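# Structural characterization, general
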Amino acid sequence: MLTDSKSQPQEELTGAYAHLWRQALPCLEDESDPVLRCEMLWNAYTLEAMATYSQYFKETYIPQGTIYAYHLGENASNRDHLQHALPLMYTNPKLAKSSIRYAMMHSSTDGEIKRQNIGFGYSNPGVYMESDEQIYMFMAVAEYLRITGDYAFLDESVYYYPVENGRSEMVINLLVKHFIYLRDVVGRGKHGLIKMLNSDWSDSFFHPYSPNIYSGFAQSHLNTAMALSVLPAFIRELKEYVAFAKPTSILEDLIEQAGEYYDEIYVAYMADMEGRTFSPRCYLCEDDEPNLKFGMDSLCIEPQPFLLQVENFPLERKKQLYHEIKTRVLDMEKHGARTREVPLWGSGNAEDGGIWFSHQGPLIIGIASFDKAEAVKLLKKLSFHRFAENYPDYWLGHWTFADVLESSLFNREGLYKGWLKDPFQGFCAHAHAWLLYCYYKVYREADETRH
């Protein structure tokens with residue numbers, strides 16, 4: 001029962017453990033926008049509350065939650081765990097580092113990063129041979145170093161998978177293996193773009209096409225654009241590490257070869273973009289079969305946010321690309337940018353037309369590279385408050401989301417298709433992690449100077 005505030009301490013009015021949560025959560029008392037202040041504290045709380053300790057890896061990470069963790073019992077995928085670490089670099093750097101180490105400890109000696117684990121650290125063999133885990137690792141490590149300045153992290157040791165074998169490696173040396181895996185194992189295709197293997201961001205992009213047939217030469221514009229957006233920052237932080245530690249031939253070779261790799265894929269991507277106002281999605285074919293090229297005439301969102309982040313991509317072309325995004329997949333939606341201008345597979349839901357938070361965050365950051373005010377506008381459009389205004393009769397979305405919400409292309413706009421027949425599990429970390437990260441990176445950082 002509530003009592004008058006004059007007769008009871010504030011901590012008791014707000015909960016027995018409120019004073020402890022205040023120590024764990026960021027202080028946003030200086031935030032004048034009440035919606036942002038409330039929601040960003042809630043996002044920070046949700047990520048902390050979702051944090052899960054792995055007895056096998058002896059590290060803590062933020063699971064995706066929802067269907068993966070809370071229904072299927074899968075700790076998938078490590079690209080997601082690395083995304084969830086991004087806002088923690090501002091709010092809880094120790095937890096951010098543990099999350100990165102957790103993903104790193106899924107590495108094989110050749111630089112592959114296992115997709116997931118179940119039970120007591122068992123990484124089950126599956127259909128997916130992901131082609132982008134290393135790019136997400138470079139993104140997370142670069143941001144961790146930039147934000148925290150903890151370059152000693154690169155000298156720490158982590159275990160290879162499986163950890164019970166006791167094989168360990170310094171983080172910097174493991175990053176070298178990750179780069180070699182991306183460059184030489186994932187490789188590049190006929191057009192010079194990074195391959196897709198069995199999966200890039202979309203685990204089921206192939207749909208009617210067997211990945212076993214096309215994975216040897218399928219090229220991903222998404223992987224390539226993301227690498228172009230991530231590598232310059234990664235290389236900059238490696239150069240900062242040189243100033244922190246004694247240079248080694250391995251480190252100098254990584255900086256040089258990563259720079260050469262960037263130059264090569266940039267030239268290939270720009271050649272492929274000749275005459276285009278937006279990027280294609282991917283090429284599945286080795287030849288020029290038009291039916292196996294996707295996103296040529298209608299826009300697919302996946303590569304566009306990262307292309308907006310590419311430092312060498314001309315400003316006028318960024319503005320033109322954003323105009324295409326707005327008019328084709330964003331302005332007509334109440335909440336965010338949908339994946340497809342026109343469905344590829346006919347359904348218009350989920351990967352083929354839904355609104356994914358793993359796209360909205362990179363899009364906000366991409367827009368901020370040339371128009372911060374417009375980026376903040378999208379950040380606020382994606383708030384729980386705005387969702388509640390748009391869909392007052394829904395309960396899903398007022399405090400958390402699934403990883404995808406259906407767009408106006410589908411007959412259950414604003415909801416989640418899995419709710420139709422499957423057991424629904426709420427709390428997906430994507431919505432909380434990306435919006436909190438964008439809030440700090442885009443809204444609160446005055447500039448890109450080092451903390």
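Source: prediction; values computed, not measured. (Residues numbered from 1 in each chain as written. Predicted model: local features only at pLDDT ≥ 70, side-chain atom pairs only at ≥ 80, totals over all residues. Heavy atoms only, no water.)

This part takes up the pattern of salt bridges. Scanning the entire structure with this criterion turns up 30 salt bridges. Residues Glu130 and Arg115 are paired through a salt bridge, measuring 2.8 Å at the closest nitrogen-oxygen approach. Taken as a pair, Glu130 in the loop between strand 4 (116-118) and helix 7 (133-148) and Arg115 in the loop between helix 6 (93-104) and strand 4 lie far apart in primary sequence, 15 residues in all. There is no split in this pair, since Glu130 and Arg115 are both buried. (Salt bridge = Lys/Arg side-chain N within 4 Å of Asp/Glu carboxyl O. Helix = DSSP H or I, 4+ residues; strand = E, 2+ residues; numbered from the N terminus. Buried < 20%, exposed > 50% of the residue type's maximum accessible area, 1.4 Å probe, protein only.)

Per the stated rule, a full pass over the model turns up 36 aromatic pairs. Their ring planes at 55 degrees and their centres at 6.3 Å tell us that Tyr56 and Tyr161 sit as a pair that is tilted. Of this pair, Tyr56 sits in the loop between strand 1 (52-54) and strand 2 (59-61) while Tyr161 is found in the loop between strand 5 (157-159) and strand 6 (168-170), placing the two residues 105 residues apart along the sequence. The exposure classification of Tyr56 matches that of Tyr161, with both residues buried. Centroid distance Tyr90 to Tyr440: 5.0 Å. Interplanar angle 15 degrees. Geometry classified as stacked. Here Tyr90, found in helix 5 (residues 78-91), pairs with Tyr440, found in helix 17 (residues 429-444); they are 350 residues apart in sequence, far enough to count as distant. Residue classification places Tyr90 among the buried positions, given a relative accessible area of 16%. Among the aromatic residues, those joined into a ring-pair cluster are Tyr56, Phe57, Tyr61, Tyr102, Phe120 and Tyr161. Above the plane of the ring of Phe205 lies Arg281, whose end atom (NZ or CZ) is 4.7 Å from the centre. (Phe/Tyr/Trp six-rings, centres within 6.5 Å; stacked < 30°, edge-to-face > 60°. Lys NZ or Arg CZ within 6 Å of the ring centre and 35° of its normal.)

There is a patch of like negative charges on the surface, built from Glu252, Asp253, Glu256, Glu260 and Asp263. The residue Glu252 is located in helix 11 (residues 249-272) in this model. Classification of Glu252 by relative accessible area gives partly exposed; the value is 43%. (Patch = residues over 30% accessible without salt bridge, like charges linked within 9 Å, V, L, I, M, F, W, Y side chains within 5 Å. Areas by Shrake-Rupley, 256 points an atom, 1.4 Å probe, with all protein chains shown as cover. Lys, Arg positive; Asp, Glu negative; His and termini not counted. Charge placed at Lys NZ, Arg CZ, Asp CG, Glu CD.)

Our next topic: the nonpolar core. Judged by nonpolar contacts, the single largest core of 128 residues is most densely connected at Ile100, Met104, Leu154 and Ile325. Residue contacts for Leu154: discarding those within four places in its chain leaves Val141, Leu145, Met170, Val171, Ile172, Leu175, Leu238 and Tyr241. (Core = buried A, V, L, I, M, F, W, Y, C linked by side-chain atoms within 4.5 Å. Contact = heavy atoms within 4.5 Å.)

Glycine aside, a negative phi is what most residues show, and trans is what most peptide bonds show. Residue Ala76 is joined to Ser77 through a cis peptide bond whose omega torsion reads -15 degrees. Checked against the element boundaries, Ser77 lands in the loop between strand 3 (74-76) and helix 5. The peptide bond linking Tyr161 to Pro162 adopts the cis configuration, its omega dihedral lying at -5 degrees. Looking at the secondary structure, you find Pro162 in the loop between strand 5 and strand 6.

Below, the discussion takes up the confidence of the model for the chain. Overall, the prediction assigns the chain a mean pLDDT of 91, with 94% of residues at 70 or greater. Note that residues 1-11 has pLDDT below 50 and, in this model, 10 contacts with residues that lie over four places away or in other chains. (pLDDT = per-residue confidence, 0-100.)

Strand order across the open sheet formed by three strands is 7-8-9, with antiparallel pairing between neighbours. Edge positions in the sheet fall to strand 7 (219-220) and strand 9 (293-294), since each of these pairs with one other strand and no more. Bridge count for strand 7 against strand 8 (residues 282-283) is two bridges, and the pairing is antiparallel. Bridge pairing in strand 8 places Ser220 opposite Cys282. (Pairing = 2+ DSSP bridges.)

Bringing helix 8 (residues 171-186) into the picture now. Along its 16 residues, helix 8 runs 21 Å from first to last C-alpha, staying within 8% of the 22 Å computed at 1.5 Å per residue. Within the span of helix 8, buried status applies to Val171, Ile172, Leu174, Leu175, Val176, His178, Phe179, Tyr181, Leu182 and Val186. Taken together, the buried residues of helix 8 touch helix 6, helix 7, strand 5, strand 6, helix 10 (221-244) and helix 11. (Expected span 1.5 Å × (residues − 1).)

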